[in-house]
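Examining the three-dimensional arrangement
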Amino acid sequence: MKGFLALLLCLALLALWGCVPPAEQEEESRRQDFLAAESRTPEELAILAEKTVILDPGHGFEDPGCEYPNNGIIEKELTLHLTEKIASLLEQHGVSVIYTHMGEGFPGREALDALAAEKGYDLDAYLTALISAFSGREGDAVGETVAAFGTGVNGDGVFDTFERAYYANLQGGDLFLSVHIHASGTNSYAVGSDLFICSDTPHRESSEGLMASLEQALKHAFPSRRIGVRSDSWGDAFVVTKYPDMPSLLLEAGFASGEEDAKKLTDPAWQDAFAKAVADGVEMYLLGF
């Protein structure tokens, strides 16, 4: 009986696969081959060598993020550690990596404005156009939102998300990836990784493509792990997913508040596998898969 049910399941899956257009089947096969490959082709390396990725280790400095010392996790330390692993893999394939910070210092408001002047970057003009087009605000409300962003870029002891978005725009890149760690105050069994983008930006479609590539790479590396994806409207989106002038995504690697995920997050072997999956997803996106 079990054998018969297994046969029926196989036939059903084959039938479903047969309904997928040949072009999509070919594309999916290419992605699977790419994720299974142990190296990049010369053609792929040539393309990657022309790409720039901005990596943002979440929190840092006076802002520790979530803290679970009993699990050995302080978010600002772990996000920097994971980001360095991701960057190392990308750089091995020729991708240029720009960090928003490396845990030792960050540009204050004065330095950001000086860099903007050097590059001829008009922050208010960019924000006005962005907010007018995608936030649903009009008139004075647009000016108030632009002013609120400027208030967020305040040059205090915290390198906050507004400053990171501003810095990313000044540097320029093919994508922006912010790395974080989850915590749940109500569910100590929460596990999994989550990907967030904003649906209301000029880079929505590209951000969706980036999210799809990362989702597939993570599922390929961790078939039994929950990989959540969410596309937020302007009002609900994270600052670092809606203000950067490039495809942008926030990644929550796992839950520091849960024993199962905490063990993974602090395991060097798991960290390496996770970083590789993220780097593979980023490269798959950059190569246009």
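See the structure shown above.
A brief look at the structure comes next. Residue positions are given per chain, counted from 1 along the sequence in the order it is written. Local features in a predicted model are, by the rule used here, given only for residues with pLDDT of at least 70; side-chain atom pairs are given and counted only at 80 or more, and totals for whole chains, interfaces and linings are based on all residues. Calculated side-chain values reflect all of the structure's heavy atoms, with hydrogen atoms and water omitted.

Pairing between side chains of opposite charge can happen when the charged atoms of each approach one another. Salt bridge, as used here: a side-chain nitrogen of Lys or Arg that lies within 4 Å of a carboxyl oxygen of Asp or Glu. Inspection of the entire model under this criterion finds 15 salt bridges. Between Arg40 and Glu283 there is a salt bridge, and its shortest N-O distance comes to 2.6 Å. In this pair, Arg40 is assigned in the loop between helix H2 (22-36) and helix H3 (42-48) and Glu283 in helix H12 (residues 268-286), connecting sequence segments 243 residues apart. This pair shows no difference in class: Arg40 is buried, exactly as Glu283 is. Each of Arg40, Lys276, Asp280 and Glu283 takes part in one network of salt bridges that share partners. Here a strand is any run of E in DSSP of at least two residues, a helix any run of H or I of at least four, and the numbering for each starts at the N terminus. When accessible area is computed with a 1.4 Å probe and restricted to protein chains, residues below 20% of their type maximum are described as buried, those above 50% as exposed, and intermediate ones as partly exposed.

Between H2 and helix H9 (residues 204-221), the least distance of the axes is 11 Å, while the angle of their chain directions is 55°. Comparing their axes, H9 and H2 come out oblique. Relative to H9, H2 is oriented so that their crossing is right-handed. Mapping the contact onto sequence places Glu28, Arg31, Gln32, Leu35 and Ala36 in H2 and Gln216, Ala217 and His220 in H9. Here the contact of H2 with H9 is composed, by residue class, of 3 nonpolar, 3 polar and 2 charged. To obtain each axis, a line is fitted to C-alpha atoms, and for helices this fit is confined to the stretch in contact; angles are then taken between N-to-C directions over 0 to 180 degrees. Angle categories: roughly parallel below 35 degrees, roughly antiparallel above 145, roughly perpendicular from 65 to 115, and oblique for all the rest. With the far helix as reference, a near helix turned anticlockwise by less than a right angle produces a left-handed crossing, and one turned clockwise produces a right-handed crossing. The criterion used for residue contact is that any of the two residues' heavy atoms lie within 4.5 Å. Under the scheme applied, nonpolar residues are Ala, Val, Leu, Ile, Met, Phe, Trp, Tyr, Cys and Pro; charged residues are Asp, Glu, Lys and Arg; polar residues are all the others, including Gly.

Here helix H8 (residues 161-171) lies mainly inside the structure; 8 of its 11 residues are buried. If you check which residues of H8 are buried, you get Glu163, Arg164, Ala165, Tyr166, Tyr167, Ala168, Asn169 and Leu170. Buried-residue contacts for H8 involve strand E1 (52-57), strand E4 (96-99), helix H5 (109-119), helix H6 (123-134), helix H7 (140-152) and strand E5 (175-182). The term polar contact refers here to a pair of N or O atoms within 3.5 Å; inside protein, the definition further demands a hydrogen-donor-capable atom paired with an acceptor-capable atom, and it admits residues adjacent in sequence only when both atoms are side-chain atoms. Its side-chain oxygen at 3.2 Å from the backbone nitrogen of Phe162, Asp160 defines the N-terminal cap of H8. Backbone geometry just downstream of H8 places Gly172 in the positive-phi region, at approximately 75°.

On to the environment of Thr266, then. With respect to the helices and strands, the residue Thr266 is situated in the loop between helix H11 (259-265) and H12. You can call Thr266 partly exposed: its relative accessible area is 34%. In the structure, Thr266 is positioned 194 residues away from Gly72 in sequence and 7.2 Å away in space, judged by C-alpha atoms. Look past the residues within four positions of Thr266 in its chain and what remains in contact with it is Asn71, Gly72, Ile73 and Gln271. Within polar-contact distance, the side chain of Thr266 engages the backbone oxygen of Ala262 at 2.8 Å.

All right, on to H7 then. Given a helix with a known number of residues, its expected span is that number minus one, times 1.5 Å. Given a rise of 1.5 Å per residue, 13 residues ought to cover 18 Å, and the 18 Å separating the end C-alpha atoms of H7 matches this to within 8%. Regarding H7, the residues found buried are Val142, Thr145, Val146, Phe149 and Gly152. End-on view of H7: buried residues confined to an arc of 115°, all on one side of the axis. Seen from the open side of H7, the exposed residues pointing more than 90 degrees away from its buried face are Asp140, Glu144 and Thr151. Summarising the contacts, the buried residues of H7 are in contact with H6 and H8. Directions from the helix axis toward the C-beta atoms define the arc.

Of all hydrophobic cores here, the largest spans 46 residues; its most connected members are Leu90, Leu177, Leu249, Phe274, Val278 and Val282. Examining the composition of this core, we find that 10 residues originate from one element, H12, more than from any other. Excluding residues that lie within four positions of it along the chain, Val278 makes contacts with Ile86, Leu177, Leu214, Leu218 and Leu251. Counting 30 residues, the second-largest nonpolar core is a separate cluster that includes Leu112, Leu127, Met246 and Leu250. We call a set of buried Ala, Val, Leu, Ile, Met, Phe, Trp, Tyr and Cys residues a nonpolar core when their side-chain atoms join them within 4.5 Å.

Across a sheet, paired strands are connected by hydrogen bonds in the backbone, their directions being either parallel or antiparallel. DSSP calls a pair of strands paired once it identifies at least 2 bridges connecting them. Across the sheet, which stays open at both edges, the 6 strands sit in the order E4-E1-E5-E8-E6-E7 with mixed pairing between neighbours. Unpaired on one side and paired on the other, E4 and strand E7 (227-232) mark the two borders of the sheet. Averaged over all pairs of adjacent strands, the angle between their axes in this sheet comes to 25°, without regard to strand direction. Of the pairings in the sheet, the one linking E5 to strand E8 (residues 248-255) comprises 6 bridges and is parallel in character. Note that in E8 the partner of Ser178 across the bridge is Leu250. Most of the contacts of H8 go to E1, to which it runs at about 165°, and overall it touches E1, E4 and E5. Against the sheet, H9 touches E5, strand E6 (193-198), E7 and E8, its axis set at about 170° to E6.

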